[in-house]
Amino acid sequence: MSANQSIFPKTYQITPTGVEIGGCNLLELAKKYGTPLYVYDEQTIIDICTDYKNSFAKYHDVQPLFASKAFMTKAMCAILKKQNFGLDVVSGGEIYTAYKSGFDMSKVMFNGNNKTLDELKMALEYGIGHISVDNFYEIELLGKLSQELNKNQDILLRITPGIECHTHEYIQTGHLDSKFGFDLTQIDEAITSIISKYPLLQIKGLHAHLGSQIFETQVFADAVDVIFEQFKHIKDAFGIELTEMNIGGGLGITYTTEDNPPSIQTIADIIIEAIDVCSQKYGVNKPKIYLEPGRSIVGTAGVALYKVGSIKQVPNGRKYVSLDGGMADNPRPSMYQAKYTAVVVNKINETPVETVTLAGRFCESGDIIIEDINLPKLESGDVVCVFNTGAYGYSMSSNYNRVLKPAIVLVNSAQSDIIIRRESYDDLLSCDEVPDRLL
Ligand code: LLP
């Protein structure tokens, strides 16, 4: 079983002395570092990276990249470096974090639908491996920049393959109403523009990303087919043999028992098989593959610990149990109606006796972490652990209500280390300025 098929991190266990992740007692972590606290299990991240590498091992040339938008810190870069992963980055901030972590910038791919001139310049100056060019405006920006700096740059073209994923079904269309990438009908114009005007841009291949929290498998095979069809077309029309393909990320994880994502091996087998078939079907050589999973690498590894504060029983209605975090540290429930699983850490052996709603502390009625969950009788001071908060929780966090962002600890082999320290009130004010005339 791949780790993305479990609700719990790999090292999660209930021992006679309490609940542990990475050999660390969660109550003790909450006491030592305070709450809200994000806890990441290093072993789960390592196991998933290994799973990706092993599952694709039979293919001759694969480079997995971690989609850093899911969770980007310097410690994360250090873990990925050891795993020989590259990075998918989408902003100057992500590029800077990678660079400052001493990451091998040749293993970084820059994505995004509106990269700024400054970001592109930074990418070229830092020697980023690939830029996935998204649109005609970017061709001009990057093309001129490559001439100004006199730098060759390997690029992929991001395409919109016309495959739309939902969680349990998908559709294929000729065109897709998406802000990302070139429509298939625009590829010829893009290539013509690049080869006629900007010879320093080396078109290596195509990039397609299908969506996120995907449970289907056939979509990946269909995407391979779309890419190979374009490879053949580009070879015939321009005499250019593309040698690289980025198939994107998107593999889902198990937030609740309702979720049933495929294993990493299943996805790998589907992609490799599709490449075999398409290589023959279109008479095109097998390319180097890039993968860019985010959620499936870090989602399961991370949990959030919160402390229970106020409790309100609405007469003849719901019981709201308020936690000391919420939509600012994890906006997913309020943004996407995302569902989660939770336990009460200090009452792990008690049976659920009531249905409550775990609410956040932020000033919005929609700030609910889990609606209607069965838990043991909760009291103020209890510690709740919400699972699968490793991806797109902290990375999308904000200072809404001027609440401080939580700390993050990395656990492994009974050791816990801060990888993001808790924000201070002075951090919060560090960008504030008051014009003299107001003083
Ligand atoms: N590659 C590209 C080009 C992407 O846009 C994304 C995610 C990924 C890779 C990684 O996808 P993953 O393996 O993580 O599914 N904030 C949302 C998810 C947004 C995903 C955006 N793009 C959420 O919390 O569910």
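What counts and what doesn't
Going along each chain's sequence as written, the residues are numbered from 1 onward. At least 70 in pLDDT is required for a residue's local features to be given in this predicted model, at least 80 for side-chain atom pairs to be given and counted, and no such filter applies to totals for whole chains, interfaces and linings, which use all residues. Hydrogen atoms and water are omitted, and side-chain values are computed over all heavy atoms in the structure. What counts as a domain boundary in this text is fixed by an automatic or database domain assignment. When checking whether two residues touch, look at their non-hydrogen atoms; a contact exists if any pair is within 4.5 Å. Accessible area that two parts lose when put together, with a 1.4 Å probe and added across both, is what the buried area reports. We define a salt bridge as a side-chain nitrogen of Lys or Arg found within 4 Å of a carboxyl oxygen belonging to Asp or Glu. Nearness here has a simple test: a residue counts as near a molecule or strand if at least one of its heavy atoms is within 4 Å of that partner. Polar contact is defined as a pair of N or O atoms within 3.5 Å, subject to the rule that within protein one atom must be able to donate a hydrogen and the other to accept it, and that residues adjacent in sequence are counted only when both atoms are side-chain atoms. We get accessible surface area from the Shrake-Rupley algorithm with a probe of 1.4 Å; when it comes to residues, only the shown protein chains can shield them. Side-chain classes follow a simple rule in which Ala, Val, Leu, Ile, Met, Phe, Trp, Tyr, Cys and Pro form the nonpolar group, Asp, Glu, Lys and Arg form the charged group, and the remainder, Gly included, forms the polar group. Numbered from the N terminus, helices here are DSSP runs of H or I no shorter than four residues, and strands are runs of E no shorter than two. Strand pairing requires that DSSP identify at least two bridges connecting the strands. Working definition: with a 1.4 Å probe on protein chains only, accessible area under 20% of the residue-type maximum means buried, over 50% means exposed, and in between means partly exposed.

Trainee: Looking at this model, I keep getting lost on the domain arrangement of the protein. Mind explaining?
Mentor: The accessible area lost on association of the parts is a frequent measure of interface size. For the protein, the assigned domains are domain 1 (3-40 + 300-429) and domain 2 (42-298). Distance between the C-alpha centres of domain 1 and domain 2: 32 Å. Listed per partner, the contact involves 28 residues of domain 1 and 27 residues of domain 2. Of the roughly 2400 Å² buried where domain 1 meets domain 2, counting both sides, 58% is carbon and sulfur surface. If you sort the residues of domain 1 by the area they bury against domain 2, Asn4, Gln5 and Tyr392 come out on top, with a joint share of 26%. Our count for the domain 1 to domain 2 interface comes out at one salt bridge.

Trainee: What exactly am I supposed to notice about the site of the ligand here?
Mentor: Neighbouring the ligand are 17 residues, the closest being Ser212, Gly250, Arg295, Arg332 and Tyr392. The contact in question runs from an oxygen atom of the ligand to an N or O atom on the side chain of tyrosine 392, over 2.7 Å. With the chains in place, 87% of the 590 Å² that the ligand exposes on its own is no longer accessible. Broken down by class, the residue content of the shell around the ligand amounts to five nonpolar, six polar and six charged. Structurally, the shell around the ligand is a two-domain feature, drawing no fewer than three residues from each of domain 1 (3-40 + 300-429) and domain 2 (42-298).

Trainee: What is the right way to read the side chain of glutamate 138 from this model?
Mentor: Mapping glutamate 138 onto the fold places it in helix H6 (residues 136-148). When near neighbours in sequence (up to four residues on either side) are disregarded, glutamate 138 contacts Gly112, Lys115, Leu120, Ile131, Ser132, Val133 and Gly143.

Trainee: Where do I start with the sheet that holds strand E1 (residues 13-15) in this structure?
Mentor: Strand pairing within a sheet occurs via backbone hydrogen bonds; the two strands may be parallel or antiparallel. Pairing within the open sheet is antiparallel, and its three strands lie in the order E1-E2-E3. Each edge of the sheet is formed by a strand with only one pairing partner; in this case those strands are E1 and strand E3 (24-25). When E1 meets strand E2 (residues 18-21), the two strands line up antiparallel, connected through three bridges. Each bridged residue has a counterpart across the sheet, and for threonine 15 the counterpart in E2 is glycine 18.

Trainee: Would you mind going over the pattern of salt bridges with me for this structure?
Mentor: A side chain with one charge may pair with a side chain of the opposite charge, provided their charged atoms come close. Considering all chains together, one arrives at 15 salt bridges under this definition. For lysine 115, the salt bridge is made with glutamate 138, and the minimal N-O distance between the two is 2.8 Å. In this pair, lysine 115 is assigned in the loop between strand E7 (108-110) and helix H5 (117-125) and glutamate 138 in helix H6, connecting sequence segments 23 residues apart. Each member of the pair, lysine 115 as well as glutamate 138, is classed as buried. The shortest N-O distance in the salt bridge between aspartate 382 and lysine 347 comes to 2.8 Å.

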